Structure formats: C-alpha cells, structure tokens
Amino acid sequence: MESSRRVALVTGGASGIGLGITRRLAEQGMAVVAADWNAGACAGAVTALHDHQDRTMVVEADIGTEAGSAKAIETAVGGFGRIDLLCNNAAVHPTATIEEMDVTDWNDAFRVNVTGAFLCSKLAMPYMKKQGAGSIVNIGSVSGISPYVGGGAYAVTKAALAMLTRVLALEAGPFGITVNCISPGSIQHRPGSTGNTAHIPVGRGGTIDDVASLVAYLASAEAGYMTGATLVLDGGATAGRKRARVSVETLPDQGGER
C-alpha cells in the first residue's frame, strides 16, 4: 500500500510514551507504525488508535533482535511505501545496584535500549538516503546525564544512546537525515499521577504530550538545521539546585558558594 503521507515508525509504540507519540503523529496526518514486543499492549493499541486506523498499523516485534527490527522496518515500508521518521523509544528498565545486577538483565538493557536503536537506524537509513531526507529521534533519559542508585543499567544505556545519536548525526547528515535525542525527566505516565515535583522549577511533572510534541517538532521541516543534539526535557530539574529564597543583604560578605 503506497502512500503520499509522511511515514513514521515508533518502537515501543503500543503503550506509555510510545503510544502517546504514535497518537500525536497520527493526529498530525502522518502514517504511523507502532512496533512493540508486548502482545497485550499491541492489542490495546489497536483499540486506542481506532480513530486513526486508516493511517496506523501495530506490529508485534522485538526490535532488540535482527529479525524483530527488520520486521518493524519492513512493516512500515511495505505498508506505507517509505519511512520518514524513526523514533527509537523502546526500552527496558531493570532496577538493581551494580553489585546486585544480574548479568542477564544488564545485557537485556543493552540489547533493547542500545542495540535495538542501532539495528532500526541501520535498517532505516538506506530508505532515508534514497529519499534524500529523514529524521531519527532517540528517546533517552535524564538518567543518562544524572544517574541514581539502582538505575545503573538504564542510565548507562541512555548515556550510550546519546552518543549513538551524535555518531549517527555525523554519518547521516550529508544525506539530509537529522538525528536527535530527547532526554525526558519525570514524566507522568498515568492519568492523575503527580509525584514529587518539589525539585522541578516549573512546578509540575512532564506529560506524555510534552514528549510527543517535541518528537513531532524534531520530525518537522522547522527542525531541519538541528542534528546531533540531546534535548533535556525535565522542567529544569537538572539545571541546578533549588535553594530557599534568601535576601542578598543577609548573605555574608565573603567568598565561597552561594
């Protein structure tokens, strides 16, 4: 089925942030393939995307394998004739300290979070080169910039994804392909959830729509001069430390940190 629409592939696109990205792109008129390894999530996504069924497809595929990534790319190209945006969103998030981390979980994090993005990008780029245009948007995390105890495997993979973004930008730029990374902070995945926002300067947690909006922008012509960038989307949480408001007059007149 050929289509004159721009076409996107969103990995991990059947639930959470991925589903939000899929829905937003479809609302903006793109044809979108959501790839996900979870059969139940895929079934739920078909229902959730019913209003956009004329321009969305859902495929069960494990993009951390060569066969799965090929299946995802081939579904997009075979179903809609091209691929203009690859959003590498799929990720797993094992939780344990480095000392306690099982090597199987560690390897699985790299297999999905890094190798999956590598494989999908490797397979999508020839089509984008032939078109003379395309966008790759990797979904990283502020954990790749500022890690926390117990999230080491996730943090290391997200740091690697930011570097993969820069390498791909260098290699793909001459062919009209942009490659960028979004590093979200505290994103409220569930309706009604708030969480602790005291450390966030803007006073709220992020939403799935915040992430989806930035993906849509990076895939647009307006972002055509932006590539190799890692964009932190965290409401200012990693900009610095918040301190109690203190009058300048009350501070001691001496050197040192203020």
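Just so we're clear, the structure is a prediction, and the values are computed from it rather than from any experiment. (Residues numbered from 1 in each chain as written. Predicted model: local features only at pLDDT ≥ 70, side-chain atom pairs only at ≥ 80, totals over all residues. Heavy atoms only, no water.)

Novice: Teacher, can you tell me more about the overall build of the protein chain here?
Specialist: Assigned secondary structure in the protein chain consists of six helices and nine strands. When the 258 residues of the protein chain are sorted by exposure, 45% land in the buried category. (Helix = DSSP H or I, 4+ residues; strand = E, 2+ residues; numbered from the N terminus. Buried < 20%, exposed > 50% of the residue type's maximum accessible area, 1.4 Å probe, protein only.)

Novice: Which parts of the structure should I look at to understand the pattern of salt bridges?
Specialist: Side chains that differ in charge, positive against negative, can pair when their charged atoms come close. In the structure shown here, the tally under the stated rule is seven salt bridges. Residue Asp54 is joined to Arg55 by a salt bridge in which the shortest nitrogen-to-oxygen separation is 3.2 Å. Exposure remark for Arg55: the relative accessible area of 16% places this residue in the buried category. In this structure, Asp84 and Arg82 form a salt bridge, with 2.7 Å as the shortest nitrogen-oxygen distance. (Salt bridge = Lys/Arg side-chain N within 4 Å of Asp/Glu carboxyl O.)

Novice: How should the sheet that holds strand E5 (residues 134–139) be read in this particular structure?
Specialist: Strands in a sheet are paired, the pairing made by backbone hydrogen bonds, and the direction either parallel or antiparallel. With parallel pairing, seven strands are arranged side by side in an open sheet as E3-E2-E1-E4-E5-E6-E9. The strands lining the two open edges of the sheet, one partner per strand, are strand E3 (56–60) and strand E9 (230–233). Averaged over all pairs of adjacent strands, the angle between strand axes in this sheet comes to 15°, irrespective of strand direction. Here three bridges tie strand E1 (residues 7–11) to strand E4 (residues 85–88), and the two strands are oriented parallel to one another. (Pairing = 2+ DSSP bridges. Axes fitted to C-alpha atoms, helices over the stretch in contact; angles between N-to-C directions.)

Novice: Could you clarify how one ought to interpret the packing of helix H3 (residues 66–80) against helix H4 (residues 103–131) in this entry?
Specialist: The description of two helices packed together rests on the angle between their axes and the distance between the axes. Remark: H3 packs on H4, axes separated minimally by 9 Å, with the N-to-C direction vectors making an angle of 35°. The element H3 and its partner H4 pack so that their crossing is right-handed. Listed contacts from H4 to Glu66, Ser69, Ala70, Ile73 and Val77 of H3 are Leu119, Cys120, Leu123, Ala124 and Tyr127. Residue composition of the contact of H3 with H4, grouped by class: eight nonpolar, one polar and one charged. (Left-handed = near helix turned anticlockwise from the far one by under 90°. Contact = heavy atoms within 4.5 Å. Nonpolar A, V, L, I, M, F, W, Y, C, P; charged D, E, K, R; others polar.)

Novice: Just checking my understanding: could you explain the packing of H4 against helix H5 (residues 152–172) for this structure?
Specialist: Running from N to C, H4 and H5 point in directions that differ by 15°, and their axes come no closer than 9 Å. By the angle between their axes, H4 is roughly parallel relative to H5. In this structure, H4 crosses over H5, and the sense of that crossing is right-handed. Touching Trp106, Ala109, Phe110, Asn113, Val114, Ala117, Phe118, Ser121 and Met125 of H4 are Gly152, Ala153, Tyr154, Val156, Thr157, Ala160, Leu161, Leu164, Leu168 and Ala172, all from H5. Split by residue class, the contact of H4 with H5 holds 15 nonpolar, four polar and no charged. (Parallel < 35°, antiparallel > 145°, perpendicular 65-115°, else oblique.)

Novice: Would you mind showing me how to read the nonpolar core here?
Specialist: Taken as a class, soluble globular proteins show a tendency for nonpolar side chains to be buried jointly. Leu9, Ile83, Leu86, Met128 and Val179 are the most contacted members of the largest nonpolar core, which has 34 residues in total. Put simply, the parts of the chain that give this core at least two residues each are E1, strand E2 (31–36), H3, H4, H5 and strand E6 (177–184). The biggest single contributor to this core is H4, with seven residues. Not counting chain neighbours up to four residues away, the residues in contact with Leu86 comprise Leu9, Thr11, Cys120, Ser121, Ala124, Met128, Ser135, Ile136 and Val137. (Core = buried A, V, L, I, M, F, W, Y, C linked by side-chain atoms within 4.5 Å.)

Novice: Got a minute to help me understand the packing of aromatic side chains in this structure?
Specialist: Any aromatic ring pair is given by two values, namely how distant the centres are and how the planes are angled relative to each other. Here the structure, examined in full by the defined rule, presents one aromatic pair. Measuring from centroid to centroid gives 5.4 Å for Trp106 and Phe110, while their planes differ by 45°, and the two rings are tilted. Here Trp106 pairs with Phe110, and both are found in helix H4, just four residues apart, close to one helical turn. Since its relative accessible area comes to 25%, Trp106 is described here as partly exposed. The exposure class assigned to Phe110 is partly exposed, which follows from its relative accessible area of 24%. Geometry around Phe175 places Lys129 over its ring, the cationic atom sitting 4.3 Å from the centre. (Phe/Tyr/Trp six-rings, centres within 6.5 Å; stacked < 30°, edge-to-face > 60°. Lys NZ or Arg CZ within 6 Å of the ring centre and 35° of its normal.)

Novice: Explain H3 here, please?
Specialist: Residues spaced three or four apart along an α-helix face the same direction, because each turn holds 3.6 residues. In this model H3 runs 21 Å from its N-terminal to its C-terminal C-alpha over 15 residues, within 8% of the 21 Å that 1.5 Å per residue would give. Considered for burial, the residues of H3 that qualify are Gly68, Ser69, Ala72, Ile73, Thr75, Ala76, Val77, Gly79 and Phe80. Against the buried residues of H3 lie E1, E2, E3 and H4. Looking one or two residues beyond H3, the residue adopting positive phi is Gly81, at roughly 90°. (Expected span 1.5 Å × (residues − 1).)

Novice: Please clarify how the pairing of E6 should be interpreted in this entry.
Specialist: The two faces of the sheet receive side chains in turn, since in a regular strand these alternate between them. Within E6, eight of the eight residues are buried, which leaves the element mostly enclosed by the surrounding structure. Along E6, one buried face is formed by Ile177, Val179, Cys181 and Ser183 and the opposite face, lined by Thr178, Asn180, Ile182 and Pro184, is buried too. Pairing of E5 with E6, which is carried by six bridges, proceeds in the parallel orientation. The partner of Ile139 across the bridge, within E6, is Ile182. Of the crossover connections in this fold, the one passing from E5 over H5 to the parallel E6 is right-handed. Note that E6 and E9 share four bridges and pair parallel. The residue bridging Pro184 from the neighbouring strand is Leu233, located in E9. (Right-handed = clockwise from strand over helix to strand, strands pointing away.)

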